[in-house]
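Working through the structure, step by step
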Amino acid sequence: MTWYADFAAICQPDAPLAEHTWYGLGGPARWLFTPRDEPELVALLACCQASQVPWHILGRGANVLAHDAGVDAAIIKLSTPAFQQVTWDGERICAGGGADFTTLVKDAVDRGRAGLEGLAGIPGSIGGVIRMNAGGRYGQIAHVVESVRLLQPDGQVVERPRAEIDFAYRHTDLRGAIVLAATFALQAGSRIALQHEYQRIWKEKRAAQPTLAARSAGCIFKNPTGRSAGMLLDQAGLKGTRRGEAEISTRHANFIVAHAGATAGDVLELITLAKDRVRETHGVELALEIEIW
Ligand code: EPU
C-alpha cells in the first residue's frame, strides 16, 4: 500500500510542474495533491508528516523555478473551489488561500474599495502573496492584512492578527504554515479614481518590465538594502545575456525571461552568472527573491 492510499483520489503522480508555474519550466512533481476541503488538507498534511514525505504548497507558481529533474516531494495545490472563496463584507474582504490575487485586486478596484490598487500587476495566489509579503513601489500586502487563518505544521488551525505576524521586505515568518484564508481591511474609495490609479500602475509596469505574457517569475533577486538589484544587474552589463534559450531581460535586468525551448538549467546558469558578476563589479551579494524547488 502506498503512503498516500487515503488520498489516491486527489493525487496526480508525476505531474509536470511546467504546467503549474509561470515559467512553464521544470520536471515532474513526484505527487501533486489537490485537496477538496480543509479537513482533507489537514489530514493530508498529517499523513505527509507521519510518512516523513517532504511537501510544498504551490500557489499560482508565479515565483517558483522547478528543477528540470523534477521535485521529489508532495506538492499540494489549493486549486479546488473550497480554497478559492472570496466574501465581501463592506470594506472587509475574506479570501481563500488559493484564490487569485490579480482578480481580487481588479474586483476591489471595480467595487470602489481602496487599498489594493497599488499592487496591480502582481500575479499569484492569496497564500503566495501573503507568505512572500508581495509588493512593489506602491505598497506591500502587509499594509492591508487584518488577519490570516493558518494551518500550522503541527496541524492546528489558528487565526493570527497582523500584529502577530512578522512582515518584512518580501518576507514573513509564515514559512512552513499554510495560508487557508486572509482578511483584508480596505477603505471606501472613488471607483473612477481607483481605476485610474490601477491603469496607471499597469502602464508603468508594462513600460518598465517584460509583459506578463513573457515567461518569467518576476524579479529574481531581492533589492539589497538601499539599492536596486535591477540597477546593479544593469550596471554590470547583464541585460540581454543568454544561456540556452533563457535571457536576462533587455527591459529590466532583474527579470530572466524563458524563450521557447528554455530549460530550468538555462535559467539557473544565468542566476549563478548574474550573482557572480554583481559580486565582482559591486561587491554585493544578491539574495534570491524567487524560490527554487
Ligand atoms: N533599473 C535600472 N535597470 C534595470 C532595472 C531597473 O537601471 O534593468 C533602475 C530603475 O530605473 C529604477 C531602479 O532601478 O531607478 C528601481 O527599478 P524599478 O523601479 O523597476 O523597481 P525594482 O526595485 O526593480 C520593485 C519590485 C518589483 C515591482 C517593482 C515596481 C523587488 C525586488 N522588485 O522592482 O517586484 O514590480 O518594484 O513596483 O522588490 C517582483 O516582486 O517579482 C517584482 C517584479
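Preceding this section is the structure that the text describes.
Everything in this summary refers to the structure shown in the same document. If you're wondering where the values come from, they're calculated on a predicted model, not measured in any experiment. (Residues numbered from 1 in each chain as written. Predicted model: local features only at pLDDT ≥ 70, side-chain atom pairs only at ≥ 80, totals over all residues. Heavy atoms only, no water.)

Each helix and strand counted, the protein chain has six helices and 18 strands in total. Relative to its length of 293 residues, the protein chain is compact, with a C-alpha radius of gyration of 19 Å against a globular reference of 19 Å. For the protein chain, buried positions account for 48% of its 293 residues. Partitioning the contacts of the protein chain with sequence separation of at least 6, the portion at a separation of at least 24 is 65%. (Helix = DSSP H or I, 4+ residues; strand = E, 2+ residues; numbered from the N terminus. Rg over C-alpha atoms; globule rule 2.2 N^0.38 Å. Buried < 20%, exposed > 50% of the residue type's maximum accessible area, 1.4 Å probe, protein only. Contact = heavy atoms within 4.5 Å.)

Time to look at the side chain of Thr-21. Within the secondary structure layout, Thr-21 lies in the loop between strand S1 (11–16) and strand S2 (28–33). Of the residues examined, Thr-21 reaches a relative accessible area of 9% and is grouped as buried. Among all residues touching Thr-21, those that are not within four sequence positions of it are Arg-60, Gly-61 and Val-64.

Attention shifts here to the environment of Glu-291. For Glu-291, the position within the fold is in strand S18 (residues 291–292). With a relative accessible area of 17%, Glu-291 lands in the buried category. Put simply, Glu-291 and Ala-73 are 218 residues apart on the chain and 15 Å apart in space, counted from C-alpha to C-alpha. One polar contact links Glu-291 to Arg-131, side chain to side chain, over a distance of 2.3 Å. (Polar contact = N/O pair within 3.5 Å; in protein donor to acceptor, adjacent residues only side chain to side chain.)

Time to look at the site of the ligand. By nearness alone, 20 residues border the ligand, and Arg-137, Cys-219, Asn-223, Asp-234 and Ala-253 come closest of all. Ala-253 is positioned with one of its backbone polar atoms (N or O) 2.8 Å from an oxygen atom of the ligand. Here the ligand has 820 Å² of accessible area as a free molecule, and 76% of this is covered by the chains. For the shell around the ligand, the secondary-structure elements that each account for two or more residues are strand S9 (135–136) and helix H5 (229–235). Looking at the shell around the ligand element by element, the count peaks at three residues for H5. Among the residues forming the shell around the ligand, the class breakdown is six nonpolar, eight polar and six charged. (Near = heavy atom within 4 Å. Areas by Shrake-Rupley, 256 points an atom, 1.4 Å probe, with all protein chains shown as cover. Nonpolar A, V, L, I, M, F, W, Y, C, P; charged D, E, K, R; others polar.)

This part is about the packing of helix H2 (residues 101–110) against helix H4 (residues 191–208). The relative placement of two packed helices is expressed as an angle between their axes plus a distance between the axes. It is the contact of H2 with H4, at a shortest axis distance of 8 Å, that shows an interaxial angle of 145°. Only Arg-191, Leu-194, Gln-195 and Tyr-198 of H4 make contact with H2, whose side of the interface consists of Val-105, Lys-106, Val-109 and Asp-110. (Axes fitted to C-alpha atoms, helices over the stretch in contact; angles between N-to-C directions.)

Scanning the model with the defined rule gives six aromatic pairs in all. When the ring of Tyr-4 is compared with that of Phe-33, the centres are 5.8 Å apart and the planes differ by 80°; the resulting orientation is edge-to-face. In this pair, Tyr-4 sits in the segment before S1 while Phe-33 sits in strand S2, placing the two residues 29 residues apart along the sequence. With relative accessibility at 12%, the residue Tyr-4 sits in the buried group. (Phe/Tyr/Trp six-rings, centres within 6.5 Å; stacked < 30°, edge-to-face > 60°.)

Here the focus is unusual backbone geometry. Leaving glycine out, the prevailing phi sign among residues is negative, and the prevailing peptide bond configuration is trans. Its identity is not glycine, yet Asn-133 carries a phi of approximately 45°, on the positive side. Inspection of the secondary structure assignment puts Asn-133 in the loop between helix H3 (126–132) and S9. Given a relative accessible area of 0%, Asn-133 falls into the buried group.

One finds Phe-101, Leu-104, Leu-116, Ile-126, Ile-130, Ile-141 and Phe-184 to be the most contacted residues of the largest nonpolar core, which totals 35 residues. Breaking this core down by element, the ones donating at least two residues are strand S7 (92–96), H2, H3, strand S11 (145–151), strand S13 (178–185) and H4. The dominant element in this core, judged by the number of residues it contributes, is H2, at five residues. Dropping the residues within four chain positions of it, Leu-104 is found in contact with Val-86, Trp-88, Ile-93, Ala-95, Leu-116, Ile-126 and Phe-184. If you look at the next biggest cluster of nonpolar residues, it comprises 28 residues, including Leu-25, Leu-65, Val-284 and Leu-286. (Core = buried A, V, L, I, M, F, W, Y, C linked by side-chain atoms within 4.5 Å.)

This next bit is on the pairing of strand S12 (residues 157–161). Note: S11 against S12, five bridges, orientation antiparallel. Residue pairing in the sheet places Leu-150 in a bridge with Val-158 of S12. The turn joining S11 and S12, which pair antiparallel and follow one another in sequence, is formed by five residues; a positive phi near 95° is taken by Gly-155. (Pairing = 2+ DSSP bridges.)

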